[in-house]
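Here is how the chains run, residue by residue.
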Amino acid sequence: MRSSPENILLRLADAEEQQIREVFARLSERGFPVQQQTPHITITFSPAMADEVAQCAARLLPALIPARLERVGTVVFGTKRKQTVAWLLETSEELEFAAREISALNPDGRGSRWTPHLTMGLRLPREIVPDYIRALDELTPRNLEHLTAIRAALWKPISGELTVLAEASNAHETRT
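The text that follows walks through the structure, step by step, so that each part is easy to find. (Residues numbered from 1 in each chain as written. Predicted model: local features only at pLDDT ≥ 70, side-chain atom pairs only at ≥ 80, totals over all residues. Heavy atoms only, no water.)

With respect to the overall build of the protein
Filter applied, for reference: Think of it this way: any DSSP run of H or I at least four residues long counts as a helix, any run of E at least two long counts as a strand, and we number them from the N terminus. The globule rule used here is 2.2 Å times the number of residues to the 0.38 power, and the radius of gyration it is set against is calculated over C-alpha atoms. Per-residue accessibility, obtained with a 1.4 Å probe over protein chains only, is compared with the maximum for each type, and a residue is labelled buried under 20%, exposed over 50%, and partly exposed between these values. Whether two residues are in contact is decided by their heavy atoms: any pair within 4.5 Å suffices. To measure how exposed things are, a 1.4 Å probe is used in the Shrake-Rupley method; for residues, cover is taken only from the protein chains shown.
In terms of regular secondary structure, the protein is built from five helices and seven strands. Ordered by position from N to C terminus, the α and β elements of the protein give β-α-β-α-β-β-α-β-α-β-β-α. Against the globule reference of 16 Å for 176 residues, the protein gives a C-alpha radius of gyration of 16 Å, in line with a compact fold. Taken across its 176 residues, the protein has 44% of its residues classed as buried. Across the protein, every contact between residues at least 6 apart in sequence was considered, and the portion connecting residues at least 24 apart equals 75%. When the accessible surface of the protein is split by element, carbon and sulfur atoms take 49% of a total near 9600 Å².

Brief notes about the layout of surface pockets
Where empty space is left becomes clear once a probe the size of a water molecule has been rolled over the atoms. Where we set the bar: Points on a 1 Å grid, built from protein atoms alone, make a cavity when a 1.4 Å probe fits but cannot get out and make a pocket when they are open with protein on both sides within 12 Å along at least 5 of 7 lines; residues with an atom within 4 Å of a point are the lining residues. Grid points are joined across faces, edges and corners, and a volume is the space filled by probe spheres set on the points. Gly falls in the polar group here, along with every residue not listed as nonpolar (Ala, Val, Leu, Ile, Met, Phe, Trp, Tyr, Cys, Pro) or charged (Asp, Glu, Lys, Arg).
Taken as a whole, the largest pocket holds about 1400 Å³ of empty space. Among the secondary structure elements, those contributing two or more residues to the lining of the largest pocket are β1 (6–12), β2 (40–46), β4 (82–90) and β5 (117–125). Across the lining of the largest pocket, the residue classes break down as 14 nonpolar, 18 polar and seven charged.

A few points about the pairing of β2
For a regular strand, the rule is simple: side chains alternate between the two faces of the sheet. Selection criterion: Here, any two strands with at least 2 DSSP bridges between them count as paired.
Buried residues dominate β2, accounting for five of its seven residues. For β1 and β2, the ladder comprises six bridges, and the chain directions are antiparallel. By the bridge assignment for β2, L10 is matched with I41.

Quick notes on the packing of helix α1 (residues 14–29) against helix α4 (residues 129–139)
Spelled out, the test is: Orientation is described by lines fitted to C-alpha atoms, with helices fitted over the stretch in contact, and by angles between N-to-C directions that extend from 0 to 180 degrees. Our angle categories are set so that under 35 degrees counts as roughly parallel, over 145 as roughly antiparallel, 65 to 115 as roughly perpendicular, and the remainder as oblique. Left-handed describes a crossing whose near helix is turned anticlockwise from the far helix through less than a right angle; right-handed describes the clockwise counterpart.
Contact geometry of α1 with α4 gives a least axis separation of 10 Å together with a crossing angle of 130 degrees. Between α1 and α4, the angle falls in the class oblique. Every pair of crossing elements has a handedness; the one defined by α1 and α4 is right-handed. Of the residues in α4, those in contact with V23, R26 and L27 of α1 are Y132, A135, L136 and L139. Classifying every residue of the contact of α1 with α4 gives six nonpolar, no polar and one charged.

Quick look at the pattern of salt bridges
Rules: The term salt bridge refers to a side-chain nitrogen of Lys or Arg lying within 4 Å of a carboxyl oxygen of Asp or Glu.
Scanning all chains against the criterion turns up eight salt bridges. One salt bridge in this structure joins R134 and D131, with 2.4 Å as the shortest N-O distance. Taken as a pair, R134 and D131 lie in helix α4 at a separation of three residues, close to a single helical turn. Residues joined in a network through salt bridges with shared partners are R11, E17 and R21.

Written as structure tokens, this is what we have:
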């Protein structure tokens, strides 16, 4: 089993994260694969995140958090047997520019490209993707048309370390 990479990511308000987890649970109840990932939006990832990338994120992101992201579609990533279904997101130009600058510093990244998305179905067998998307559309609450990123962090899954790089001033009030 391959290990997950380190990520600079955006975390959602607790109420939105809980609603997404409820969508995951309802999809599972319909027989689709269980989704256990924490809902997040990745800015960039690497086997081992370079310090200068995290420092850049810590410098740029505090002024942009909280950030509003709008769901603008559903996309499928992957061309092989296992595919990923995600919500395609749009956000402010300021966050977009910051994310591209952060990503460009990552030697293991994709240069200055950033495709903001939130993974809703990870490693799905290709043949179930159309039914999964239909069920996702049916089960997603209308109020999830917009998402709010209240925290930016560096996540190191091997050590379980989450380093907060930016946080909305009222983020602690949203925790349950």
